[in-house]
Amino acid sequence: MSETDALTVRNLFKVFGERPQEAIELYRSGKNKDEIFSETGMMLGVSDASFTVREGEIFVVMGLSGSGKSTLVRMLNRLITPSSGEILVKDKDIAKMSDKELIEFRRKHVSMVFQSFALLPHLTVLQNAAFGLELSGVDVPTREKRAGEALDQVGLAPYGGAYPNELSGGMQQRVGLARALANDPSILLMDEAFSALDPLIRTEMQDELLALQAEQRRTIVFISHDLDEAMRIGDRIAIMEGGRVVQVGTPDEILNDPADDYVRSFFRGVNVTNVLSAGDIAAKRQVTIYERDDNLRGALKRIAEADRDFAYVIDAKQRFHGVVSAASLEAALHESAPSMQSAFLSGVTPLKADTKVGEIITPVAEAPCGLPVVDDDGRYLGVVSRSLLLQALDRAETAHD
């Protein structure tokens, strides 16, 4: 395992039937799931799945009903016992753990959030959030403290004394999430966790999860059948079909280079403006200059030689400072104390790299020049011009054809 891999799955199989090795050998000989069932009566739930989940990412597993995604996630904490293969966490194979080792592993490393809220109606919200810790034998003061902290993380700290039937569906699912977080797991498994919620609440829960992830960077395996959800929250996505993992990649990678027609059909009609970000389409085709007050004439020369209208000013650490034009530089040179900053154009606000294309249409259209794109540390990544934006939007139209 790599140091950055939280979970590694290798050649994982689950066969529902009495002679699993026979079914696995038939699969390896080239027979598909339906042929094996017809011949043996055994069903391949998961077939030769291999992938890695990196530390701190949301890894979404998606597929149609019956694709094997829920069977897969239940094997990751041995709620379902694999028929063959490896599931490695910190170089320990979950598939080979004894019952005692498995209990200890679950307590320390993994929690699960299900589609059903599974809250106990006679317990308060705080007691429900602490329930897993109670089962693990944690003393009352410690578990209530940790459960309270988890409720605070999901915005339910004031509701600790309430009962589940006093909460909305979205709030009840937050309690389920808090119960999982209270264990402070290194890996969080979420099986269709938001599927039972209405669309508005579901979007709110996705926002909640992304906000938590921005703060804590947990390793999350999220099961979903909803493409919009997968594209919205997933750092990477695994597409499953008939028990197989067909393709793994970022949303943009899968959208632009689908492995086969099955994957391509998933993404047909996807609104690219909700998938691509400013960082995905930014290009370094513009003039960049270093910020020095004595560099105004040099900047003018660079702009003229490159036959450009603007230049993007950065420092030695590649951090963006401003945009200048030939006209603004000329005007600055005529000031009593010429400076690069006085030549900066107004109305140029950098775009964050993770801003979706659909959100930058108006700013790019109204800006006096192409807008610079920066990372979280303010480092210059390139420029989104009107022409680049139109190309991205053209891809969106093509995806709908």
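Residues numbered from 1 in each chain as written. Predicted model: local features only at pLDDT ≥ 70, side-chain atom pairs only at ≥ 80, totals over all residues. Heavy atoms only, no water.

### Describing the domain arrangement of the protein
Next up, step 1: Domain assignment breaks the protein into domain 1 (5–11 + 49–274) and domain 2 (288–396).
Next up, step 2: Using only C-alpha atoms to locate each centre, domain 1 and domain 2 end up separated by 41 Å. (Domains from an automatic or database assignment.)

### Considering the packing of helix 7 (residues 140–153) against helix 8 (residues 169–182)
Next up, step 1: Relative to each other, helix 7 and helix 8 sit at 130°, their axes nearing to 8 Å. By the criterion of interaxial angle, the relationship of helix 7 to helix 8 is oblique. In this structure, the crossing between helix 7 and helix 8 has a hand that is right-handed. Side by side, helix 7 and helix 8 meet where R146, A147, A150, L151 and Q153 of the first sit next to A178, L181 and A182 of the second.
Next up, step 2: When its residues are assigned to classes, the contact of helix 7 with helix 8 shows six nonpolar, one polar and one charged. (Axes fitted to C-alpha atoms, helices over the stretch in contact; angles between N-to-C directions. Helix = DSSP H or I, 4+ residues; strand = E, 2+ residues; numbered from the N terminus. Parallel < 35°, antiparallel > 145°, perpendicular 65-115°, else oblique. Left-handed = near helix turned anticlockwise from the far one by under 90°. Contact = heavy atoms within 4.5 Å. Nonpolar A, V, L, I, M, F, W, Y, C, P; charged D, E, K, R; others polar.)

### Let's talk about helix 4 (residues 99–109)
Next up, step 1: Residues of helix 4 that are buried include every one of L102, F105 and H109, and no others. One side of helix 4 carries all its buried residues, which in axial view fall inside an arc of 65°. In this structure, helix 4 carries D99, K100 and K108 as exposed residues pointing more than 90 degrees from its buried face.
Next up, step 2: Buried-residue contacts for helix 4 involve strand 4 (84–89), strand 6 (110–113) and strand 7 (187–191). (Buried < 20%, exposed > 50% of the residue type's maximum accessible area, 1.4 Å probe, protein only. Arc of directions from axis to C-beta.)

### Brief notes about the sheet that holds strand 11 (residues 287–290)
Next up, step 1: The three strands are arranged 11-12-13 in an open sheet whose pairing can be described as mixed. Edge positions in the sheet fall to strand 11 and strand 13 (320–325), since each has one partner strand and no second. On average, adjacent strands in this sheet sit at an angle of 30° to one another, irrespective of strand direction.
Next up, step 2: The pairing of strand 12 (residues 310–314) with strand 13 spans five bridges and is classified as antiparallel. Following the sheet pairing, Y312 is matched in strand 13 by V323.
Next up, step 3: Across the sheet, helix 14 (residues 296–306) is in contact with strand 11, strand 12 and strand 13; its angle to strand 11 comes to roughly 165°. (Pairing = 2+ DSSP bridges.)

### Description of the environment of L209
Next up, step 1: You can see L209 is positioned in helix 9 (residues 199–216).
Next up, step 2: For the pair formed by L209 and L64, sequence separation is 145 residues and the distance between their alpha carbons is 23 Å.
Next up, step 3: The contact partners of L209, leaving out residues within four places of it in the chain, are I58, M190, F194, I220, F222 and I233.

### Considering the sheet that holds strand 14 (residues 351–352)
Whenever strands of a sheet pair, they do so through backbone hydrogen bonds, lying parallel or antiparallel.
Next up, step 1: Taken in spatial order, the three strands make up an open sheet running 14-15-16, and their pairing is mixed. The open sheet has two edge strands with one neighbour each: strand 14 and strand 16 (380–384).

### Re the packing of aromatic side chains
Any two aromatic rings considered together are summarised by their centre-to-centre distance and by the angle between their planes.
Next up, step 1: If you walk through the whole model with that rule in mind, you get three aromatic pairs.
Next up, step 2: Measuring from ring centre to ring centre gives 5.6 Å for F13 and Y27, while their planes differ by 80°; the resulting arrangement is edge-to-face. Separated by 14 residues along the polypeptide, F13 in strand 1 (residues 5–16) and Y27 in helix 1 (residues 20–28) bring together distant segments of the chain. Y27 shares its class with F13; the two are buried. (Phe/Tyr/Trp six-rings, centres within 6.5 Å; stacked < 30°, edge-to-face > 60°.)

### Comments concerning the side chain of T40
Next up, step 1: One can find T40 in helix 2 (residues 33–40).
Next up, step 2: Residue class for T40 comes out buried when judged on its relative accessible area of 15%.
Next up, step 3: Looking at T40, its side chain comes within polar contact range of the main-chain oxygen of I36, at 2.7 Å.
Next up, step 4: Of note is the side chain of T40, whose polar atom sits 3.1 Å from the backbone nitrogen of M42.
Next up, step 5: Sequence-distant contacts of T40, that is, excluding residues within four places in its chain, are made with R19, E22 and L26. (Polar contact = N/O pair within 3.5 Å; in protein donor to acceptor, adjacent residues only side chain to side chain.)

### A few points about helix 9
Next up, step 1: Taking 1.5 Å per residue, 18 residues should reach 26 Å; helix 9 reaches 26 Å between its end C-alpha atoms and fits that length.
Next up, step 2: Among the residues making up helix 9, those that are buried are R202, M205, Q206, E208, L209, L212 and Q213. Seen from one end, helix 9 has its buried residues packed into an arc of 160°, which puts them on one side. When the buried face of helix 9 is taken as reference, the exposed residues oriented beyond 90 degrees from it are L200, A214 and E215.
Next up, step 3: Packed against the buried residues of helix 9 are strand 3 (58–62), helix 7, helix 8, strand 7, strand 8 (219–224) and helix 10 (227–233). (Expected span 1.5 Å × (residues − 1).)

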